[in-house]
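Summary of structural features
One letter stands for each residue in the lines below.
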Amino acid sequence: MQQLQRGPALLVLAVAVAACVLGLCQPAAAYNNGLGRLPPMGWNTWCTEDLCGARDVCTEELIMSTADGIVAQGLDKLGYTYLNMDDCWSANTRNATGHLQPNAKQFPRGLRPVADYLHARGLKFGLYTCVGTETCRGGRPGSFDNWDLDAATFAEWGMDFIKADNCHRPGNYTEQELYGLFSKALNATGRPMLFSLCEWGDADVQTWGADVGQMYRIQQDHLPFWHFPPKAAGAGFGQGTGDIIEYVATLKPSTFVKPFGWMDPDFLETLFRPTMSFIDSRTEFTFWALWSAPLIVATDLRNLTSEKLSIVGNAEVIAIDQDELGTAGDRFLNTTDGQQVWAKPLANGDLAVVLYNSHNLASHAVTFDFTLVGWQASDKAALRDLWQRKDLGVFTGKYTSPALAPHDVQMLRMSRA
């Protein structure tokens, strides 16, 4: 078994943990209008009552019933507070005064009553637009050169979250210029709105995205498959969950992720049937949490099955995503037979550790040598399995997981013993 990678982020991890233990953790500067100190959590319409945008369907009833379901099941108490519409809500033309308008059949009362309904339940409302002349689907109007007008409209409607896509962008502008103009217009309204850059990972967005928005897409669209070829615009190795994991490893996300500035690998496609199995969905959620990524679920959150609730409702895993340190986990081991070890420092000095079998066919146990993350071979660690919600005991120098099925993970919280 050949070891391909022994984490180049080792020194960064050790320094981060030591600094936090000493109380020296200070978040790096990033875009801050009061929202997005921690990664946003919630739901998007994309794969609910739709085949992930194939029909572009969303309605007043869908939004309000999802809000009811989130509150009734206590998901809001776990942090799921944003309910966001994707490219599905707008009419195909602006109105006579040049304002964007919702589709009258889908939202016969407009958007403000829906926003009021959500706000009365302690939830937040978001919508989709585009920095180009049209949105990506359906020929709906984009926000290009209407920054101030559209920002004021969104504020008047009571919006809390704005996602801006990157389609039909005039070629004489850079992404950084257009997203910067829109960001300025949104802030000028006086209403705090979380700004999500759906920029697809181009133009080194990880180096500037946090300057203009609280979250920024770092690759092409995520589809509900484990592997899917790179058919969409943008960066990345492919559009499946496994493809995204491999691509993010190359970015060394801890270098860029910080409070108010979150890398966005796109929606969670949790248990999208029949293509996202339980194991694949749990592994997807594991890595999004390890990366401190936004936890925006695109599948139905109403009437959750016990299986789905066990993933999206695991408070211990959510706590890793929402950890106050606000950094991301990196990969420290990648072997030829699929064994991977990832780790992320936490604010109290613990580590979140993911042992991952990336093999597509064979089961493997994954051995985690504590020296990978800067510990000594003689050091003792108390380990807790976060998905099983049980303490595993105290281990010296290393730990070996049970045999993990293809694509499966063991997610651990590691404390000094």
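These remarks concern the structure in this document.

Parameters and conventions
- Residues numbered from 1 in each chain as written.
- Predicted model: local features only at pLDDT ≥ 70, side-chain atom pairs only at ≥ 80, totals over all residues.
- Heavy atoms only, no water.
- Buried < 20%, exposed > 50% of the residue type's maximum accessible area, 1.4 Å probe, protein only.
- Helix = DSSP H or I, 4+ residues; strand = E, 2+ residues; numbered from the N terminus.
- Pairing = 2+ DSSP bridges.
- Right-handed = clockwise from strand over helix to strand, strands pointing away.
- Contact = heavy atoms within 4.5 Å.
- Salt bridge = Lys/Arg side-chain N within 4 Å of Asp/Glu carboxyl O.
- Axes fitted to C-alpha atoms, helices over the stretch in contact; angles between N-to-C directions.
- Parallel < 35°, antiparallel > 145°, perpendicular 65-115°, else oblique.
- Left-handed = near helix turned anticlockwise from the far one by under 90°.
- Core = buried A, V, L, I, M, F, W, Y, C linked by side-chain atoms within 4.5 Å.
- Phe/Tyr/Trp six-rings, centres within 6.5 Å; stacked < 30°, edge-to-face > 60°.
- Lys NZ or Arg CZ within 6 Å of the ring centre and 35° of its normal.
- Disulfide = S-S within 2.5 Å.

**Some words on the pairing of strand β6 (residues 194–197)**
Side chains of β6 alternate between two faces, with L194 and S196 and F195 and L197 buried alike. Note that strand β5 (residues 161–165) and β6 share 4 bridges and pair parallel. Of the residues in β6, the one forming a bridge with I162 is F195. Crossover β5 to β6 through helix α6 (residues 175–188) is right-handed. Bridge count for β6 against strand β7 (residues 215–217) is 2 bridges, and the pairing is parallel. Along β7, the bridge assignment pairs L197 with Y216.

**Some points on helix α8 (residues 241–251)**
Burial within α8 is extensive, with 9 of its 11 residues counted as buried. Regarding α8, the residues found buried are T241, G242, D243, I244, I245, Y247, V248, A249 and L251. Packed against the buried residues of α8 are β8 (262–264), α9 (278–290), β10 (330–335), β11 (339–345) and β12 (351–357). Where α8 terminates, the next one or two residues include K252, which has phi positive at roughly 50°.

**Section: the pattern of salt bridges**
Counting across every chain of the model gives 21 salt bridges. Notably, a salt bridge pairs K77 with D76, separated by 3.3 Å at the nearest N-O pair. Given the relative accessible area of 15%, D76 is considered buried. Between R191 and D160 there is a salt bridge; the shortest N-O distance is 2.8 Å. You can see R191 sitting in the loop between α6 and β6 and its partner D160 sitting in the loop between α5 (147–156) and β5, a full 31 residues away along the chain. Residues joined in a network through salt bridges with shared partners are E49, D300 and R302.

**Comments concerning the packing of α5 against α6**
Where α5 meets α6, the axes come as close as 8 Å, and the angle between the chain directions of the two elements is 45°. With respect to their mutual orientation, α5 and α6 come out oblique. For the element pair α5 and α6, the recorded crossing hand is right-handed. Within the contact between the two elements, α5 uses W147, D148, A151 and F154 and α6 uses L178, L181, F182, A185 and L186.

**Things to note about the nonpolar core**
Residues M85, W89, F154, F285 and F287 are the most contacted members of the largest nonpolar core, which totals 95 residues. The biggest single contributor to this core is α8, with 6 residues. Once residues lying within four places of it in the same chain are set aside, the contact partners of F154 are L100, L127, T129, S143, M159, I162, F182, L186 and M193. Listed in part, the 19 residues of the second largest apolar core include V341, F370, L372 and M414.

**Structural notes on the packing of aromatic side chains**
How two aromatic rings sit relative to each other is set out by the distance from centre to centre and by the angle between their planes. Summed over the entire model, instances satisfying the criterion amount to 19 aromatic pairs. The interplanar angle of 70° and the centroid separation of 6.2 Å between the aromatic rings of F285 and W387 together place this pair among those described as edge-to-face. Here F285, found in helix α9, pairs with W387, found in the loop between β14 (380–385) and β15 (390–396); they are 102 residues apart in sequence, far enough to count as distant. One exposure class covers both F285 and W387, and it is buried. Measuring from ring centre to ring centre gives 5.6 Å for F287 and W291, while their planes differ by 40°; the resulting arrangement is tilted. Taken together, the aromatic side chains of F144, W147, Y173, Y179, F182 and F195 make up a single cluster linked through ring pairs. The ring of Y117 has R121 lying over it, and the distance from NZ or CZ to the ring centre is 3.5 Å.

**A look at the pairing of β10**
By the criterion of burial, β10 is predominantly enclosed, with 6 of the 6 residues buried. Pairing of β10 with β11, which is carried by 4 bridges, proceeds in the antiparallel orientation. Residue pairing in the sheet places N334 in a bridge with Q340 of β11. What sits between the antiparallel neighbours β10 and β11 is a turn of 3 residues, in which G338 has the positive phi angle 100°.

**What to know about the state of the cysteines**
One pass over the full model with this rule turns up 3 disulfides. Paired through a disulfide, C47 and C52 show a sulfur-sulfur distance of 2.1 Å. One quick way to see it: the torsion about the S-S bond of C47 and C52 is about 115°, and its sign makes the bridge right-handed. Judged by its relative accessible area of 8%, C52 is buried. Each disulfide pairs two cysteine sulfurs, and for C136 the partner residue is C167, the sulfurs being separated by 1.9 Å. Measuring the twist about the S-S bond at about 100°, one finds the C136-C167 disulfide to be right-handed.

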